[in-house]
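# Structural overview for review
Chain residues, written in single-letter form:
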Amino acid sequence: MVKHIETATDWDAIYTEQLKRRANARYDYDILQSNGIGAYDRLQEQKLNKLHQFFVEFEQKYDSQKTPVTFIG
């Protein structure tokens, strides 16, 4: 018989750690590197827009060809 061990994830601690890392990165980029207030957020927005554009183009390319996409998983 296999004994099942319950595991729990402390999501509050995970989210707090993520927020802390983002706040530190924002402070380092905006203040310590003298880029100005809001520069980190603008940089992140540019990265997200570039990623979004990649997926828009990807969908247009493969949706128009009706090419089947095989998902592994």
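Up top is the structure these notes are about.
One numbering rule holds for all chains: residues counted from 1, following each sequence as written. Residues qualify for local features only when their pLDDT is at least 70, as the model is predicted, and side-chain atom pairs are given and counted only at 80 or more; totals for whole chains, interfaces and linings, by contrast, use all residues. As a rule here, side-chain values cover all heavy atoms of the structure and leave hydrogens and water aside.

## Quick notes on the side chain of Asp30
Runs of E in the DSSP output that reach at least two residues are strands. Runs of H or I that reach at least four are helices, and both are numbered from the N terminus. As for its placement among the helices and strands, Asp30 is situated in helix H1 (residues 11-32). At 3.3 Å, the side chain of Asp30 and the backbone nitrogen of Ala39 are in polar contact. Contact criterion: two residues are considered in contact whenever any of their non-hydrogen atoms come within 4.5 Å of each other. In this structure, Asp30 is in contact with Asn35, Gly36, Ile37, Gly38, Ala39 and Tyr40, ignoring residues within four places of it in sequence. Counted as a polar contact is a pair of N or O atoms within 3.5 Å, where, for protein atoms, one must be capable of donating a hydrogen and the other of accepting one, and residues adjacent in sequence contribute only when both atoms are in side chains.

## Description of the pattern of salt bridges
Oppositely charged side chains are able to pair whenever their charged atoms sit close together. Here, a salt bridge means any side-chain nitrogen of Lys or Arg that lies within 4 Å of a carboxyl oxygen of Asp or Glu. Applying the stated criterion across every chain, the model contains two salt bridges. Here Arg21 makes a salt bridge to Glu17, at a shortest N to O gap of 4.0 Å. Of this pair, Arg21 and Glu17 are both found in helix H1, four residues apart, which corresponds to roughly one turn of the helix. For the salt bridge of Asp41 with Arg26, the shortest nitrogen-to-oxygen distance reads 2.9 Å. Taken together, the residues Asp41 in helix H2 (residues 39-64) and Arg26 in helix H1 connect sequence positions 15 residues apart.

## Some remarks on the packing of aromatic side chains
The geometry of an aromatic ring pair comes down to the distance between the two centres and the angle between the two planes. Centre distance within 6.5 Å is the pairing criterion for rings of Phe, Tyr and Trp, where only the six-membered ring of Trp is used; planes under 30 degrees apart are then read as stacked, over 60 as edge-to-face, and the remainder as tilted. By the definition in use, this model includes four aromatic pairs. One aromatic cluster in this structure is built from Phe54, Phe55 and Phe58.

## Topic: a nonpolar patch on the surface
Here, patches come from residues exposed beyond 30% relative accessible area and free of salt bridges, joined within 9 Å for like charges and within 5 Å for nonpolar side chains (Val, Leu, Ile, Met, Phe, Trp, Tyr). Throughout, the Shrake-Rupley method with a 1.4 Å probe supplies accessible areas, and for residues the shown protein chains are the sole cover considered. On the surface, Leu48, Leu51, Phe54, Phe55 and Phe58 cluster together to form a nonpolar patch covering roughly 510 Å² of accessible area. By the secondary structure assignment, Phe54 is in helix H2.

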